[in-house]
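# Structural description and commentary
Residue strings, one per chain:
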Amino acid sequence: MRTTTLGSAGPEVGVIGLGCMGMTYAYDMGSPRDEVTSIAVIRRAVDLGVTLVDTADVYGPFTNEELVGEALAPFRGQVIIATKFGWKIDPDSGTTPPGTTKNGRPEHVRAAIDASLRRLGTDHVDLWQLHRVDPEVPIEETWGAMAEAVAAGKALRLGLSEVTVDEITRAAAVHPVTSVQSELSLWTRDPLAEVLPHCEAHGIAFLPFSPLGRGFLAGRFSSFDELPQDDFRRRLPRFQQEALRANLAIVDRVQQVVDRVGVSPAQVALAWVLARGRSVVPIPGTKTPRYLTDNAGAADVQLGDDDLAELDAVPAASGGRY
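Just so you know, these numbers come straight off a predicted model, no measurement behind them.

## Considerations on the nonpolar core
Among the nonpolar cores identified, the biggest contains 89 residues, and Trp128, Leu160 and Val180 are the most heavily contacted of them. Sorting elements by how many residues they give to this core places helix α8 (residues 265-274) first, with eight residues. In this structure Trp128 touches Thr83, Phe85, Val109, Ala112, Ile113, Met146, Ala149, Ala155, Arg157, Leu158 and Gly159, once residues within four positions along its chain are discounted. Counting 11 residues, the second-largest nonpolar core is a separate cluster that includes Leu52, Ala82, Leu127 and Val281.

Put into structure tokens, the structure is as follows:
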């Protein structure tokens, strides 16, 4: 797989990463977890040149980090382990309470890094990210406590998720920002206005999550009824039947490009994301070997100017993200 750098000063990584959330969290929760297959997928990803693997303490909660740690133990020196923290999680039940709130207090920051290291089975996190900014705590306080983990060798680099340019700037005044993670895809383009240009201008990596629109842009769903019963997408506005029906126009436009280029819909959608800039490293999630191989193959897809222009012109998505 071709590579880029994680920001202007970061390590070399494959241009396609791997998001591991769905292996233990959010998607098709009624089905039993297949940890054997998930571990095999993560290890196969490394074989394919995927060297950025993303998880979070809230995925599970906790079980995703344990899974990723086990899967990557034989390859620890070959991969960038990225994890996130920043939610209040009940330590006794291991669940996120109803109306889950954010927690960016310095004492939580210090406890969170130690807990993540323990679950991941490593002595350092390569990229430690604030999952969401706590509106009750100045970002300078949270980021300063995170910087302490860097000074202690527990984290090598720091990143942010779902933030504004102002929040990036304020954090960077305390400690360098290596990456910003936000949703970006053919049906979610908000970061293109301000956040992504700011990252490009300041040498910050941009890590798009859900670059395939939670599977929708890959052509996996044409009806609400096709979603698994315990799948959180059933609660999302864009997957409600009326909105979903309207959003099929986006999938149709992707298919038109697919028919010309001769690759899969997922590869077209990911190639469009990759074309947003050199700093962009999408982290599509999958727990299926076939989809993993398909996603990784997007690194070799080069869309022409006409293809990109056609995709740029797809209609806006119907329905909000959440």
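Still more to cover.
## So, the packing of aromatic side chains
Evaluation of the coordinates by the stated rule reveals six aromatic pairs. A ring pair is formed by Trp187 and Phe216, whose centres lie 4.9 Å apart and whose planes are at 5 degrees; its orientation type is stacked. Residue Trp187 is located in the loop between β8 (179-183) and α6 (195-201), and its partner Phe216 is located in the loop between β9 (205-209) and α7 (241-261); the two are separated by 29 residues in the primary sequence. Each of the two residues, Trp187 as well as Phe216, counts as buried. Summarising the aromatic geometry, the rings of Trp187 and Phe239 are spaced 5.7 Å apart at their centres and angled 85 degrees between planes, so their arrangement reads as edge-to-face. Highlighted residues: Trp187 in the loop between β8 and α6 and Phe239 in the loop between β9 and α7, separated in sequence by 52 residues. Of the two residues examined, Trp187 and Phe239, each falls in the buried class. Aromatic rings pair up to connect Trp187, Phe216, Phe221 and Phe239 into one cluster. One Lys or Arg, Arg276, reaches over the ring of Trp272 and ends 4.1 Å from the middle of that ring.

## Observations regarding empty space enclosed by the protein
Considering all chains together, one arrives at two cavities of 30 Å³ or more under this definition. In this model, the largest cavity occupies a volume close to 50 Å³. In this structure, the second largest cavity encloses a volume near 40 Å³. Taken together, Ile16, Gly17, Leu18, Val50, Pro284, Thr286, Leu292, Asn295 and Ala296 make up the lining of the second largest cavity.

## Quick look at the environment of Val150
As for its placement among the helices and strands, Val150 is situated in helix α4 (residues 139-151). Each C-alpha atom, one on Val150 and one on His175, is 9.6 Å from the other, the two residues being 25 residues apart in sequence. Excluding residues within four positions of it along the chain, Val150 makes contact with Ala155, Leu156, Leu158 and His175.

## Thoughts on the pairing of β9
Of all five residues in β9, five are buried, a share of seventy percent or more. Side chains Ala205, Leu207 and Phe209 project from β9 onto one buried face, and the interleaved Phe206 and Pro208 project onto a second face that is buried too. Two elements, β8 and β9, share five bridges in a ladder whose sense is parallel. When the sheet's bridge partners are listed, Ser182 is paired in β9 with Pro208. Once you follow β8 into α6 and on to β9, the crossover reads as right-handed.

## As for the packing of α4 against helix α5 (residues 165-172)
Axis separation between α4 and α5 bottoms out at 9 Å; the angle between their running directions is 50 degrees. Here α5 runs oblique to α4, going by the angle between their axes. Between α4 and α5 lies a crossing of right-handed hand. Residues Ile139, Glu140 and Trp143 of α4 lie in contact with α5, whose contacting residues are Glu167, Arg170 and Ala171.

What counts, and where the lines are drawn
Residues numbered from 1 in each chain as written. Predicted model: local features only at pLDDT ≥ 70, side-chain atom pairs only at ≥ 80, totals over all residues. Heavy atoms only, no water. Core = buried A, V, L, I, M, F, W, Y, C linked by side-chain atoms within 4.5 Å. Buried < 20%, exposed > 50% of the residue type's maximum accessible area, 1.4 Å probe, protein only. Helix = DSSP H or I, 4+ residues; strand = E, 2+ residues; numbered from the N terminus. Contact = heavy atoms within 4.5 Å. Phe/Tyr/Trp six-rings, centres within 6.5 Å; stacked < 30°, edge-to-face > 60°. Lys NZ or Arg CZ within 6 Å of the ring centre and 35° of its normal. 1 Å grid on protein atoms, 1.4 Å probe; cavity = no way out; pocket = protein on both sides within 12 Å on 5 of 7 lines; lining within 4 Å. Points joined across faces, edges and corners; volume = space filled by probe spheres on them. Pairing = 2+ DSSP bridges. Right-handed = clockwise from strand over helix to strand, strands pointing away. Axes fitted to C-alpha atoms, helices over the stretch in contact; angles between N-to-C directions. Parallel < 35°, antiparallel > 145°, perpendicular 65-115°, else oblique. Left-handed = near helix turned anticlockwise from the far one by under 90°.

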